[in-house]
Amino acid sequence: MDRADVIIFGGGLVGLALASALDSSGLSAILVDPADPAPRAGAGFDGRTSAVSSSSMRMLETIGVADHLAEAGCPIWRIAVADGLKPGGLHFDPDDGEPLGFMHENRNLRAALQARAEAGKNLWLVWKSRVANVERGDHGVVVALEDGRKLSAPLLVAADGRNSKTREAAGINIARWKYDHQAIVSVLRHERPHDNVAYEIFYPTGPFALLPMNEDAGGHRSAIVWSVPEEDAAGWLSLNDEDFSAEAQAAMGGFLGAIEMLAPHSSFRLGFHHAAQITAQRLALVGDAAHAIHPIAGQGLNLGFRDVAALAEVLVEGARRGLDLGDRQLLDRYQRWRSLDALSVAFATDSLTRIYGVPGATASAIRRFGMGLVGRISPLRNRLMSEARGTSGELPLLLRGLPI
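## Comments concerning the sheet that holds strand 20 (residues 279-280)
Argument step 1. Ordered in space as 9-3-2-13-21-20, the 6 strands form an open sheet in which the pairing is mixed. The two strands at the open ends of the sheet, each matched to only one other strand, are strand 9 (123-127) and strand 20.
Argument step 2. Across 4 bridges, strand 2 (residues 6-9) lies against strand 3 (residues 29-33) in parallel orientation. Within the sheet, the bridge partner assigned to Phe9 lies in strand 3 and is Val32.
Argument step 3. Relative to strand 2, helix 1 (residues 13-24) is tilted by about 165 degrees, and along the sheet it contacts strand 2, strand 3, strand 9 and strand 13 (155-158).

## Concerning the environment of Asp307
Argument step 1. By secondary structure assignment, the location of Asp307 is in helix 8 (residues 300-320).
Argument step 2. For the pair formed by Asp307 and Leu16, sequence separation is 291 residues and the distance between their alpha carbons is 13 Å.
Argument step 3. Once residues within four sequence positions are removed from consideration, Asp307 is found in contact with Val286, Gly287, His291, Tyr334 and Arg338.
Argument step 4. Engagement of the side chain of Asp307 in a polar contact is seen with the backbone nitrogen of Gly287, the distance being 2.9 Å.

## Some points on the pattern of salt bridges
Oppositely charged side chains can pair when the atoms bearing their charge come close.
Argument step 1. If you walk through the whole model with that rule in mind, you get 16 salt bridges.
Argument step 2. In this structure, the salt-bridge partner of Arg162 is Asp288, at a minimum N-O distance of 3.9 Å. In this pair, Arg162 sits in the loop between strand 13 and helix 5 (165-169) while Asp288 sits in the loop between strand 21 (283-285) and strand 22 (291-292), placing the two residues 126 residues apart along the sequence.
Argument step 3. Owing to a relative accessible area of 32%, Asp288 belongs among the partly exposed residues under this scheme.

## Some details on the pairing of strand 16 (residues 206-216)
Argument step 1. The element strand 16 is largely enclosed, with a buried count of 9 among its 11 residues.
Argument step 2. When strand 15 (residues 197-203) meets strand 16, the two strands line up antiparallel, connected through 5 bridges. Among the inter-strand pairings, Ile201 is bridged to a residue of strand 16, identified as Phe208.
Argument step 3. Hairpin connection of strand 15 to strand 16: 2 residues between the antiparallel strands.
Argument step 4. Judged from the 7 bridges that link them, strand 16 and strand 17 (residues 219-229) form a sheet pairing that is antiparallel. Across the sheet, residue Phe208 finds its bridge partner in strand 17, namely Trp226.
Argument step 5. Between strand 16 and strand 17, which pair antiparallel in sequence order, lie 2 residues.

## What to know about the packing of aromatic side chains
Argument step 1. Summed over the entire model, instances satisfying the criterion amount to 6 aromatic pairs.
Argument step 2. Seen in terms of ring centroids, Trp177 and Phe272 are 4.2 Å apart; in terms of plane orientation they differ by 5 degrees. Their pairing is stacked. In this pair, Trp177 is assigned in strand 14 (residues 174-190) and Phe272 in strand 19 (residues 266-275), connecting sequence segments 95 residues apart.
Argument step 3. The partly exposed category is assigned to Trp177, whose relative accessible area is 33%.
Argument step 4. In this structure an aromatic cluster arises from ring pairing among Phe208, Trp226, Trp236 and Phe244.

## Section: the layout of surface pockets
Argument step 1. Size it by volume and the second largest pocket reaches roughly 500 Å³.
Argument step 2. Lining of the second largest pocket is provided by 18 residues; of these, Phe9, Val131, Asp160, Lys165 and Thr166 occupy positions nearest its centre.
Argument step 3. Considered class by class, the residues forming the lining of the second largest pocket number 8 nonpolar, 4 polar and 6 charged.

## Comments concerning the side chain of His190
Argument step 1. With respect to the secondary-structure elements, His190 resides in strand 14.
Argument step 2. The buried category is assigned to His190, whose relative accessible area is 4%.
Argument step 3. Beyond its immediate sequence surroundings of up to four residues, His190 is in contact with His220, Arg221, Ser222, Leu256, Ala258 and Ile259.

## Some points on the environment of Ser152
Argument step 1. As for its placement among the helices and strands, Ser152 is situated in strand 12 (residues 150-153).
Argument step 2. In this structure, Ser152 is in contact with Met1, Asp2, Arg3, Ala4, Ile7 and Val141, ignoring residues within four places of it in sequence.
Argument step 3. Among the polar contacts listed, one links the side chain of Ser152 to the side chain of Arg3, at a separation of 3.3 Å.

## Examining the sheet that holds strand 4 (residues 49-53)
Argument step 1. Across the sheet, 3 strands lie side by side as 4-8-5; this open sheet has antiparallel pairing. If you trace the sheet from one side to the other, it starts and ends with strand 4 and strand 5 (74-76), each paired once. With direction set aside, neighbouring strand axes in the sheet form an average angle of 30 degrees.
Argument step 2. Looking at chain direction, strand 5 and strand 8 (residues 101-105) are connected through 3 bridges and run antiparallel. Bridged to Pro75 within strand 8 is Phe102.
Argument step 3. In the packing of helix 4 (residues 106-118) onto the sheet, the strands contacted are strand 4 and strand 8, and the crossing angle to strand 8 comes to about 90 degrees.

Rules used throughout
Residues numbered from 1 in each chain as written. Predicted model: local features only at pLDDT ≥ 70, side-chain atom pairs only at ≥ 80, totals over all residues. Heavy atoms only, no water. Pairing = 2+ DSSP bridges. Helix = DSSP H or I, 4+ residues; strand = E, 2+ residues; numbered from the N terminus. Contact = heavy atoms within 4.5 Å. Axes fitted to C-alpha atoms, helices over the stretch in contact; angles between N-to-C directions. Polar contact = N/O pair within 3.5 Å; in protein donor to acceptor, adjacent residues only side chain to side chain. Salt bridge = Lys/Arg side-chain N within 4 Å of Asp/Glu carboxyl O. Buried < 20%, exposed > 50% of the residue type's maximum accessible area, 1.4 Å probe, protein only. Phe/Tyr/Trp six-rings, centres within 6.5 Å; stacked < 30°, edge-to-face > 60°. 1 Å grid on protein atoms, 1.4 Å probe; cavity = no way out; pocket = protein on both sides within 12 Å on 5 of 7 lines; lining within 4 Å. Points joined across faces, edges and corners; volume = space filled by probe spheres on them. Nonpolar A, V, L, I, M, F, W, Y, C, P; charged D, E, K, R; others polar.

The following block contains the structure:
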């Protein structure tokens, strides 16, 4: 039987980050995933990108992931919010010399996280292996794999995504609903520079996000996340690159000049879920297994990274005190630490989605008045920037750039 301090189900971005965070602090972990990692690590560019907050980036640097990145992310120095293409919006401009976040291609993040995990001294990555049985008992966790191997640890962590079988098997209830929208994602080349500005343009049919990417040999690039009604998604996806580019340019108001597609445009359905609790007997949930939100503020992956930083700190401190890593008190601390933050972000993104989805001139005028008001109240504007950076509340050491 293979033994470790923690068993992690799920080898996505959050699961790999947790494995590396534990390894960097001297704890051992076994990560189990049924997928073959090779195609994901060496895949071509599919247009998927992620906004990584400045605090999340500090964690990736501290645990050694940034050393494996193929390129540094594109810094976001301003966020501009607008109600359609009407005048009068809201700008967030940090004045302390630190970007609000960084844009990365998902394939680069994935490859860097996997490379860091593979270099770990206390990590075992068990790919292409399915779980046959899980026993979470008073004295530990025993996992039986379909190939006959058995794994043991004091704690099991579910990082196995939105449809987490581990969460369901534990009987943890979730609040869940759909938004009747799909998000179309891709990357564009444009004629004029983006000046490291991220744009969020709200339309009654859904928000249009334009996110700055690093330039390549061909010129300026930006990623898009375009929320469209679900009944229209098939029509948008059926457009050829030329027609889709024309529609995207119109949605942008042409302020970046002529554009062309650099990656396929694909889509995913938008939904919300939030677990009633993120711990159970010898079990902790992280990332999408615990919560999934609308991409309106680009905080989904960052919420998962905040889970990683908090859980890693709780476990490392518990180990130093000689405690059982599946101890109820340790898990309760993680539950308290993450529940309020995750719920607050989920509530904020859901509220924004609904407020900006109200059609009509009156609703638009009220929204623009509200944005103007926020722009004039510096403490409120600064608080919102702190939320975007992930620096509000009780911050774990890793998110401050400090080892545990």
